[in-house]
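Architecture and fold: a report
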Amino acid sequence: MGFDIKRFQGDVDEELICPICSGVLEDPMQAPACEHAFCRACITEWISRQPTCPVDRQAVTVGQLRAVPRILRNLLSRLCTSCDNVPHGCTAILKLDSLANHLAECEYNPKRPMPCEAGCGLVIPKDELAEHNCVRELRALIATQQGKLTDYQQELAEQRLVINEHKRELALLKEFMRAMRVSNPAMRALADQMEREEVVRWAGSLARARVTRWGGMISTPDDVLQMMIKRSLSESGCPLHIIDDLMENCHERRWPPGLSSLETRQNNRRLYEKYVCKRVPGKQAVLVLQCDNTHVDEHMMVEPGLVMIFAHGIE
Amino acid sequence: MANIAAKRVKREIKEVMKSEEIMGGAFKLELINNSWTELQGEITGPPDTPYESGKFLLEIKVPETYPFNPPKIRFITKIWHPNVSSVTGAICLDILKDQWAAALTLRTVLLSIQALLSEAEPDDPQDAVVARQYKEYPSIFAMTATHWTNVYAEGKKAIVDYNRRVQVLLEMGVEEHQARVALSTHNWNLEVATEELFS
Ligand SMILES: [Zn+2]
Ligand SMILES: [Zn+2]
Ligand SMILES: [Zn+2]
Ligand SMILES: [Zn+2]
């Protein structure tokens, strides 16, 4: 809708007046044939009710509206107007085309965003500054944040439920596939691949570990120690189909030829540094998984990997 | 009231005040309240018509959506015209309905209503009784319209015969306007009007 004509200095040419709102044209558009000009907002509103020119009723659609000629735009931009904030004390007189820039910065604008100087750091409209109370505002802020936090927590809980549901379904599905693969070779290949990928995914989720003292290796761990390691593996998400095999491989009796006795171990000591080791969370133990160590010699590796337990020296 | 409507009405009133029509006494326009939603207009009956020298008051209601929707206008002064209801004063005029255009103003609307008094459109009637009389008994219509103008709109020309017939019914105890409507409706046939009133 157009600018109030009373804001302008001197007389305004009748051609610059919108016939709909009777204000000075704002963002003008013209009808294609008759060239009658209107504010964009005014003519759009009118056409939404009736697709005609409001002056002579020729058919017009919004799509047919055109920009007004440059000469008309120039006449408009040269008009001198007062600022919107006259009621708040602004006495500036501006060319119409610089009004928008002035309004963005006008210091009399009661809604101009101002930073609070009292220390809360919030940015608030100028006219609300006098009423502004840092504590109250921050409390309100905390309240809304807390509300959001509660919402997020609830959402998280719901997501967890969904994930558990999915896990259960997945386990069921795996069970199903295990049953199927006995009879179906294609299914067997697929299931093998899924299992391999599961191991790789799990391996990727574990942190790298560095062994500083290979000499601390316990080659014959007792049952209690083995149980502890197994629990930790299980909690880290170790795929069920390898966990028992892995745990078997924590004792020298199942280790590969290169590791199976104190003597061979001493001979191959320099090869240890080639191992990519993964941390067994919370324990002085590492996993040397086959999928991480395809570069290692055969006599130093077994399927699906090794578990090495240490007295100390794991980083 | 919506900003745009109030601004338009303010400007239009100013425009009317400056216009020649006010100077020449063809019509008047004034505010009823300060919210710019209700105005009262007055148009003078055009010369050489049955409405000559009559002063007709109009009720003008400006909707919030003005000028995207037309003003609602009706005659307050009773008038005998095919396009105006003799009962409610409602006006049948295309620009007050589907031919409204946002660039039309109260001034142009009042001028159109005045033009309607000069040239009725009996094929698009608001009052069927009046329209039929207009077509079938043009001279009776003209005298009836003149009579109503004289009685209700301070028109200068009196129809003495019609006044006399109304007087007859008045003496029979009939209310004046009721008597006039009955007589006007029945082409001033006293017998038929009496029969209708007392049946
Ligand atoms: Zn046009
Ligand atoms: Zn406009
Ligand atoms: Zn300013
Ligand atoms: Zn503050």
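Residues numbered from 1 in each chain as written. Chains lettered and ligands numbered in written order. Predicted model: local features only at pLDDT ≥ 70, side-chain atom pairs only at ≥ 80, totals over all residues. Heavy atoms only, no water.

1. Considering the overall build of chain A
Of the regular secondary structure elements, chain A holds eight helices and 11 strands. When the 315 residues of chain A are sorted by exposure, 37% land in the buried category. A fraction of 48% describes how many contacts in chain A between residues 6 or more apart in sequence connect residues 24 or more apart. When the accessible surface of chain A is totalled, it reaches about 19,200 Å², and 53% of it is carbon and sulfur. (Helix = DSSP H or I, 4+ residues; strand = E, 2+ residues; numbered from the N terminus. Buried < 20%, exposed > 50% of the residue type's maximum accessible area, 1.4 Å probe, protein only. Contact = heavy atoms within 4.5 Å. Areas by Shrake-Rupley, 256 points an atom, 1.4 Å probe, with all protein chains shown as cover.)

2. Section: the overall build of chain B
Scanning chain B for helices and strands turns up eight helices and four strands. Ordered by position from the N terminus, the helices and strands of chain B form the series α-α-β-β-β-β-α-α-α-α-α-α. Buried residues in chain B amount to 45% of all 199 residues. Contacts spanning at least 24 positions in sequence make up 53% of the contacts within chain B whose residues lie at least 6 apart. Element-wise, carbon and sulfur atoms account for 51% of the exposed surface of chain B, whose accessible area totals about 9,700 Å².

3. A few points about helix α5 (residues 185–205) of chain A
Residues and elements named next belong to chain A. Compared with the 30 Å implied by 1.5 Å per residue over 21 residues, the 30 Å span of α5 between its first and last C-alpha is a close match. Among the residues of α5, those classed as buried are Met187, Ala191, Glu195, Glu198, Val199, Trp202 and Ala203. All buried residues of α5 lie within an arc of 150° about the axis, which places them on one face of the element. Structural note: α5 exposes Pro185, Ala186, Arg196, Arg201 and Gly204 on the side pointing more than 90 degrees away from its buried face. (Expected span 1.5 Å × (residues − 1). Arc of directions from axis to C-beta.)

4. Overview of the pattern of salt bridges
One pass over the structure, following the stated rule, counts 21 salt bridges over all chains. Ionic pairing is found between Asp4 of chain A and Lys7 of chain B, a salt bridge with its closest N-O pair at 3.9 Å. With Asp4 of chain A in the segment before β1 (28–30) and Lys7 of chain B in helix α1 (residues 3–18), the pair connects residues from two separate chains. The class of Asp4 of chain A is partly exposed, set by a relative accessible area of 22%. Residue Lys7 of chain B is classed as partly exposed on the basis of its relative accessible area, which comes to 24%. Across the pair Glu176 of chain B and Arg180 of chain B runs a salt bridge whose closest N-O atoms are separated by 2.8 Å. Of the two residues, Glu176 of chain B and Arg180 of chain B are both situated in helix α7 (residues 176–185); the distance of four residues between them amounts to about one turn of the helix. For Glu176 of chain B, a relative accessible area of 35% gives the class partly exposed. Under the relative-accessibility criterion, Arg180 of chain B is labelled buried at 3%. The network of salt bridges with common partners includes Lys111, Asp127 and Glu128 of chain A. (Salt bridge = Lys/Arg side-chain N within 4 Å of Asp/Glu carboxyl O.)

5. Comments concerning the interface of chain B and chain A
Many structure descriptions define interface size as the accessible area lost when the parts assemble. Taken together, the contact pairs 17 residues of chain B with 17 residues of chain A. Where chain B abuts chain A, roughly 1,500 Å² becomes buried across the two surfaces, and 58% of that area is made up of carbon and sulfur atoms. When residues of chain B are sorted by the area they lose upon contact with chain A, Lys7, Arg11 and Phe68 of chain B head the list and together hold 40% of the total. In this assembly, chain B and chain A are joined by two salt bridges. Linking chain B to chain A there are six residue pairs in polar contact (both at pLDDT 80 or more). Split by residue class, the side of chain B that touches chain A holds nine nonpolar, four polar and four charged. (Buried area = accessible area lost by both parts, 1.4 Å probe. Polar contact = N/O pair within 3.5 Å; in protein donor to acceptor, adjacent residues only side chain to side chain. Nonpolar A, V, L, I, M, F, W, Y, C, P; charged D, E, K, R; others polar.)

6. Observations concerning the coordination of the zinc ion (ligand 4)
All names here are of chain A. With distances of 2.1 to 2.4 Å, the protein atoms coordinating the zinc ion (ligand 4) are Cys116 (SG), Cys120 (SG), His132 (NE2) and Cys134 (SG). Here the donor residues of the zinc ion (ligand 4) are spaced in sequence according to C-x3-C-x11-H-x1-C. Note that Cys116 is positioned in the loop between β6 (113–115) and β7 (123–125) and His132 in the loop between β7 and α4 (134–181), a separation of 16 residues in sequence. Each of the two residues, Cys116 as well as His132, counts as buried. (Donors = N, O, S within 2.8 Å, 3.2 Å for Na, K, Ca; no water.)

7. Observations concerning the coordination of the zinc ion (ligand 3)
Residue and element names in this part refer to chain A. Coordination of the zinc ion (ligand 3) by the protein is provided by Cys83 (SG), Cys90 (SG), His102 (NE2) and Cys106 (SG), with metal-donor distances spanning 2.1 to 2.3 Å. With four donor atoms in place around the zinc ion (ligand 3) and angles of 103 to 112° between them, the coordination shape is tetrahedral. Linear spacing of the donor residues for the zinc ion (ligand 3) on their chain is C-x6-C-x11-H-x3-C. (Tetrahedral: all angles 85-135°; square planar, octahedral: opposite > 155°, others 65-115°.)

8. Points about the packing of aromatic side chains
All names here are of chain A. Evaluated as defined, the whole model comprises 12 aromatic pairs over all chains. Taking the centre distance of 6.3 Å and the plane angle of 75° together, the rings of Phe3 and Phe8 count as edge-to-face. Here Phe3 and Phe8 have matching classes, each one buried. Plain terms: the ring middles of Tyr272 and Tyr275 are 6.3 Å apart, the flat faces sit at 20° to each other, and that makes the pair stacked. (Phe/Tyr/Trp six-rings, centres within 6.5 Å; stacked < 30°, edge-to-face > 60°.)

9. Observations concerning the packing of helix α5 (residues 138–152) of chain B against helix α6 (residues 160–171) of chain B
All names here are of chain B. For the pair α5 and α6, the least separation of the axes is 10 Å and the interaxial angle reads 70°. Of the possible angle classes, the one that applies to α5 and α6 is roughly perpendicular. Touching Ile140, Met143, Thr144, His147, Asn150 and Val151 of α5 are Tyr162, Asn163 and Val166, all from α6. (Axes fitted to C-alpha atoms, helices over the stretch in contact; angles between N-to-C directions. Parallel < 35°, antiparallel > 145°, perpendicular 65-115°, else oblique.)

10. Some words on the confidence of the model for chain B
Averaged over every residue, the pLDDT of chain B is 92; the share at 70 or more is 97%. Reported for the predicted complex are a pTM of 0.62 and an ipTM of 0.82. (pLDDT = per-residue confidence, 0-100.)

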